Amino acid sequence: MTLNGESQIDVNLLIDGQWTAGSDGLWLENRNPATLENIGRVAVASRPDLERAVNAVARAFKAWSRTPALERSNTLRRAALIFRERADEISRAMTVEQGKPLAESRLEAELAAQIIDWFAEEGRRTYGRIVPGRQPNIQQQVIQVPVGPVASFAPWNFPLTQVARKISAALASGCTIVVKPPEEAPVCTSELVRCFVDAGVPEGVVNMVFGVPGDISSYLVPHPAIRKISFTGSVPVGKHLASLAGQHMKRATMELGGHAPVIVTPSADLAAAARAIVQAKYANCGQVCISPTRILVADSVYDRFTAEFLDNVGNVTVGDGLQPDTKMGPLNNERRLSAMLRLVDDVRETGGEVLAGGKRIDRPGYFFEPTVVAGPSLGGALMNEEPFGPIAILLRYAELEDALEEANRLPFGLAAYAFSDSANDIARITAGVQTGMLGINHTAISFAETPFGGVKDSGYGSDGGLEAMRGYLQPELVTIATR
Ligand code: NAD
């Protein structure tokens, strides 16, 4: 780890403006997934720490929710500016603790800065409306009120953008927040949080805790002071938190897993499609909720597409994310590595074919080969479970209708993609795929200003765009009778 030249970093909690160790003195280890070296520790929050965080976030809400939107916006913009100044060092820290190539870390840091800037601006536009009254003496206004203190849980695959989304959407709307960034990437996320503090965000407006996720959520979600939950992560945990939020009548935004289908029709530019899909599939070692996974290719072009695809996969250089020629780093943790081994074994046992990769790479760290499988059994694990790793599945289809049926077969509906030059096919795919986001002839579907969220088991609510702001605001009707 290189932040400020230090090789081992202890990451503290941030509670009511104070950087502090956990009150029980417990710590979790932070390891570099490319070398398995210990690179520091992260403090564990226990019950008294969480109590202080909730008291702080509730107290701070009173003043922050009444702070003029322009002043909130200016504070957020200062945070983005400070973050940009520190982005190089923070990106490097993210690569060391999360594993992704440095070029990807830098891109993610830039996107995080754009997210903060965008919400800063959008916070100034939380307009209400006037609804004409039914009597001449009645005035009716709909005003937008911040929902209250928020508890947010951010995942380890995109530590910077996810924490940036959750903090800046909440703060821009006038909400305060207790955020739990990922324990797997505490340095880069706590440095991002520090930018908000250094920008002048008042004490208690942003609180940051780490620890045992289940202990933290089981305290925060039911707590009466917390009015909204925002979670990004797996479907099972999302369902658990959504039901807990439901029991306590809390607003919730749930951005969960996916198993994205990609439809490649006969008219597609096959070389361009293969290049774009390979680039998107192996980015962040496939640990992306919108990663293209089930690639459904029309029979007539399947062989040509497969050859192009495998050619591109051959160029994915695997290595330590700090090496300049690395295109794909290690998996983030041991759980993902064992999941990849299990999924590939299952493909082999159930009649599928491994066209490329399929093995752990023999070196320290959680490295796995960029993997391509063909025709796995429909009932097998890989065709039903989000791989969340570097495995692409190639499948043939005869009629577009069959591809649409396969695309919609799973309970997920986060992202989908299509490559086609046929207006008719594009129209049928657009109308036929059940998804929150659809990329046609490219895969760039995540920006600050665009909605980000899914349907079915992939969750509800949005982490991007206007729709994200709405999740932090409650419309309130004010109706006035004049004399
Ligand atoms: P996991 O299900 O244990 O955890 C997923 C995330 O939820 C982690 O960030 C974890 O810290 C958090 N979490 C777990 N239990 C929690 C609880 N009770 N309360 C609050 N937060 C809790 O899985 P994992 O091994 O960390 O990640 C792998 C799976 O998670 C993947 O298969 C993928 O489906 C999913 N995932 C999705 C996204 C996404 O962007 N939607 C991001 C990360 C992980």
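Residues numbered from 1 in each chain as written. Predicted model: local features only at pLDDT ≥ 70, side-chain atom pairs only at ≥ 80, totals over all residues. Heavy atoms only, no water.

You'll find the chain entered in an unreviewed UniProt entry as NAD-dependent succinate-semialdehyde dehydrogenase, with Paraburkholderia strydomiana given as the organism. Turning to the chain, the UniProt annotation filed under Sequence similarities (unreviewed entry) states: "Belongs to the aldehyde dehydrogenase family." (UniProt positions renumbered as here; feature names shortened; annotations may be inferred.)

Student: Help me out: how do you make sense of the site of the ligand in this one?
Tutor: Neighbouring residues of the ligand: 21 residues in total, closest W156, S217, S234, R335 and E386. For the ligand, the accessible surface in isolation is 800 Å², of which the surrounding protein chains cover 84%. Judged by its atoms lying within 2 Å of the grid points, the ligand is housed in the second largest pocket. Broken down by secondary-structure element, the contributors of at least two residues to the shell around the ligand are helix 6 (213-220), strand 11 (228-232), helix 7 (235-247) and helix 10 (334-349). The element best represented in the shell around the ligand is helix 6, accounting for 3 residues. Summarising the domain contributions, the shell around the ligand has at least three residues from each of domain 1 (9-256 + 458-478) and domain 2 (260-447). (Near = heavy atom within 4 Å. Areas by Shrake-Rupley, 256 points an atom, 1.4 Å probe, with all protein chains shown as cover. 1 Å grid on protein atoms, 1.4 Å probe; cavity = no way out; pocket = protein on both sides within 12 Å on 5 of 7 lines; lining within 4 Å. Sits in = over half its atoms within 2 Å of the grid points. Helix = DSSP H or I, 4+ residues; strand = E, 2+ residues; numbered from the N terminus. Domains from an automatic or database assignment.)

Student: Can you walk me through the nonpolar core in this structure?
Tutor: Generally speaking, nonpolar side chains in soluble globular proteins are found buried as a group. Ranked by size, the top nonpolar core spans 84 residues in total, and within it F83, F153, L160, I167, L171, F196 and I229 carry the most contacts. If we skip the residues at most four places from it in the chain, I167 touches I177, V179, V193, F196 and V206. Judged by nonpolar contacts, the second largest core, of 61 residues, contains M328, V347, Y366 and L395. (Core = buried A, V, L, I, M, F, W, Y, C linked by side-chain atoms within 4.5 Å. Buried < 20%, exposed > 50% of the residue type's maximum accessible area, 1.4 Å probe, protein only. Contact = heavy atoms within 4.5 Å.)

Student: Where do I start with a negative patch on the surface in this structure?
Tutor: On the surface, D269, E308, D311 and D421 cluster together to form a negatively charged patch. Topologically, D421 is positioned in the loop between strand 18 (415-419) and helix 12 (423-432). (Patch = residues over 30% accessible without salt bridge, like charges linked within 9 Å, V, L, I, M, F, W, Y side chains within 5 Å. Salt bridge = Lys/Arg side-chain N within 4 Å of Asp/Glu carboxyl O. Lys, Arg positive; Asp, Glu negative; His and termini not counted. Charge placed at Lys NZ, Arg CZ, Asp CG, Glu CD.)

Student: What exactly am I supposed to notice about the side chain of T232 here?
Tutor: Along the chain, T232 turns up in strand 11. Here the side chain of T232 touches K166 through a polar contact of 2.8 Å, side chain to side chain. A polar side-chain atom of T232 sits 3.3 Å from a polar atom in the side chain of D463. Residue contacts for T232: discarding those within four places in its chain leaves F153, A154, P155, Q162, K166, E255 and D463. (Polar contact = N/O pair within 3.5 Å; in protein donor to acceptor, adjacent residues only side chain to side chain.)

Student: Help me understand empty space enclosed by the protein, please; the structure alone is not making it clear to me.
Tutor: One way to see where empty space is left: roll a probe the size of a water molecule over the atoms. Counting across every chain of the model gives 2 cavities of 30 Å³ or more. Taken as a whole, the largest cavity spans an internal volume of roughly 50 Å³. Along the wall of the largest cavity there are 13 residues; nearest its centre are P261, F412, G413, L414 and A415. Secondary structure elements with two or more residues in the lining of the largest cavity: strand 13 (260-264) and strand 18. Per-class residue counts for the lining of the largest cavity are 8 nonpolar, 4 polar and 1 charged. Quantified by volume, the second largest cavity comes out at close to 40 Å³. As for the second largest cavity, its lining consists of G258, H259, A260, K281, G286, V288, C289, S291, T293, E386, P387 and F388. Tallied by class, residues from the lining of the second largest cavity come to 5 nonpolar, 5 polar and 2 charged. (Points joined across faces, edges and corners; volume = space filled by probe spheres on them. Nonpolar A, V, L, I, M, F, W, Y, C, P; charged D, E, K, R; others polar.)

Student: Help me understand the layout of surface pockets in this model?
Tutor: Roughly 1,100 Å³ of volume is contained in the largest pocket. Taken together, the elements giving at least two residues each to the lining of the largest pocket come down to helix 3 (102-122), helix 4 (159-173) and helix 8 (270-282). When residues in the lining of the largest pocket are grouped by element, the largest group, 9 residues, is from helix 3. Across the lining of the largest pocket, the residue classes break down as 22 nonpolar, 13 polar and 8 charged. For the lining of the largest pocket, the two domains that each supply at least three residues are domain 1 (9-256 + 458-478) and domain 2 (260-447). The space that makes up the second largest pocket amounts to roughly 810 Å³.

Student: What exactly am I supposed to notice about the state of the cysteines here?
Tutor: If you walk through the whole model with that rule in mind, you get 0 disulfides. C195 provides the cysteine sulfur closest to C188, a residue in no disulfide bond, and the two sulfurs are 11 Å apart. Under the relative-accessibility criterion, C188 is labelled buried at 0%. Free cysteine C285: the closest other cysteine sulfur is in C289, separated by 15 Å. (Disulfide = S-S within 2.5 Å.)

Student: Explanation requested: the domain arrangement of the chain in the structure shown.
Tutor: A common way to state how big an interface is: give the accessible area lost once the parts meet. Taken domain by domain, the chain holds domain 1 (9-256 + 458-478) and domain 2 (260-447). If you average the C-alpha positions of domain 1 and of domain 2, the two centres end up 31 Å apart. If you look at the interface, domain 1 gives 24 residues, while domain 2 gives 29 residues. Here domain 1 and domain 2 share an interface that buries about 2,100 Å² over both sides, 56% of which is from carbon and sulfur atoms. When the buried area of domain 1 at its contact with domain 2 is split by residue, A34, W156 and S458 rank highest and sum to 25% of it. (Buried area = accessible area lost by both parts, 1.4 Å probe.)

Student: Can you help me understand the sheet that holds strand 1 (residues 9-11) in this one?
Tutor: The strands making up a sheet are joined through hydrogen bonds of the backbone, oriented either antiparallel or parallel. Ordered by their spatial adjacency, 3 strands build an open sheet running 1-5-4, and the pairing between neighbours is mixed. Because the sheet does not close on itself, it has two edges, and the strands there are strand 1 and strand 4 (27-31). Strand after strand, the sheet turns through a mean of 25° between neighbouring axes, direction not considered. Pairing of strand 1 with strand 5 (residues 38-43), which is carried by 3 bridges, proceeds in the parallel orientation. Looking at strand 5, one finds that D10 is bridged to R41. Helix 5 (residues 186-198) rests against strand 1, strand 4 and strand 5 of the sheet, and its axis sits at about 60° to strand 1. (Pairing = 2+ DSSP bridges. Axes fitted to C-alpha atoms, helices over the stretch in contact; angles between N-to-C directions.)

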